[in-house]
Amino acid sequence: MSNISSSIVSMLYNFQLLKYIGEDGVSAYGVLMYVQFIFIAIDIGYAIGCAPIVGFHYGAQNHAELKNMLKKSVLLMCASGAVLTLLARLLAAPLAKLFVGYDEGLYTLTCHAFRLFSFAFLFAGFNIFASSFFTALGNGLISAAISFLRTLVFQIAAVLLLPLVLELDGIWLSIVFAETMAVLVTMVF
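Calculation notes
Residues numbered from 1 in each chain as written. Predicted model: local features only at pLDDT ≥ 70, side-chain atom pairs only at ≥ 80, totals over all residues. Heavy atoms only, no water. Helix = DSSP H or I, 4+ residues; strand = E, 2+ residues; numbered from the N terminus. Buried < 20%, exposed > 50% of the residue type's maximum accessible area, 1.4 Å probe, protein only. Phe/Tyr/Trp six-rings, centres within 6.5 Å; stacked < 30°, edge-to-face > 60°. Lys NZ or Arg CZ within 6 Å of the ring centre and 35° of its normal. Bend = angle between axes of the 7 residues up to and from the residue.

Draft legend 1. Up close: unusual backbone geometry. Although it is not a glycine, Gln61 adopts a positive phi angle of roughly 55°. Tracing the sequence through the fold places Gln61 in the loop between α2 (23–59) and α3 (63–100). Since its relative accessible area comes to 59%, Gln61 is described here as exposed. Of note in the backbone geometry, Glu167 takes a positive phi value of approximately 55° without being a glycine.

Shown next, in the form of C-alpha cells:
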C-alpha cells in the first residue's frame, strides 16, 4: 500500500508543481524526497526495531513494561522530531547546494521549500512509530488506517486543496498538514 500511495501522491505533487511553477518545482520536490528518505529512515529503523519488543511484552501480558516503552518511545519520537526539524532547517541551504547548487533560482526555491517542508518531521516519527506499534499489538486495522490516512488520504486532500489558498507554499506545506492530521487521528487511537 505504501508504494502505491507514494506513487499516486508523487504524481499529484508533480502535476501541481508543474501547474504552479514548472520543472523547477518538480526538481525541488525530488530533492526534498531524497532528503526526507534519509531523515525518516531514523524513525523507521526505530519503529521496526521496537516492534518485536512490543510484541513480546504484549504477548507476555506485561502491560506495565508495554506502557513504559510506549511512554519512552513517544518522548523519543517527539525529541527526534524536534531535532530532525531543526537539522532540516539548518541544513536546508547546504543540502540544496549539494543537489541543485548549479542553478541559483532552483537553489533558492529548494531552500524555501525545504524550510517549509521541514515541519513535517515534527510529527512523522510519531506517526511511523504509532503505526508500527499497532502492528506489533496485532491490530493491523488501526495500523493500516494510520498509514493509509497519513500517506494517501490526507496528502491527496492537502496537495489538491492547500494550493488554492496558499498557492505554491500550499504544495510544500501539504506534507505538514498530512502529518498533523495523522497525529490527531493517531492520538484518538
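The discussion continues.
Draft legend 2. Here's a closer look at the packing of aromatic side chains. As enumerated under the stated definition, the model contains 8 aromatic pairs in all. Plain terms: the ring middles of Phe133 and Phe134 are 6.1 Å apart, the flat faces sit at 80° to each other, and that makes the pair edge-to-face. In this pair, the class of Phe133 matches that of Phe134, namely buried. One aromatic cluster in this structure is built from Phe39, Phe114, Phe117 and Phe121. Directly above the aromatic system of Tyr107 lies the positively charged group of Lys97, at a separation of 4.7 Å from the ring centroid.

Draft legend 3. Fine view of helix α6 (residues 140–166). Bending of α6 peaks at approximately 45° at the position of Leu149. Turning to α6, its buried residues number three or more, namely Ile142, Ser143, Ile146, Arg150, Thr151, Leu152, Phe154, Gln155, Ala158, Val159, Leu162 and Pro163. At the exit of α6 stands Glu167, carrying a positive phi of roughly 55°.

Worth remembering: the numbers are spatial, not functional.
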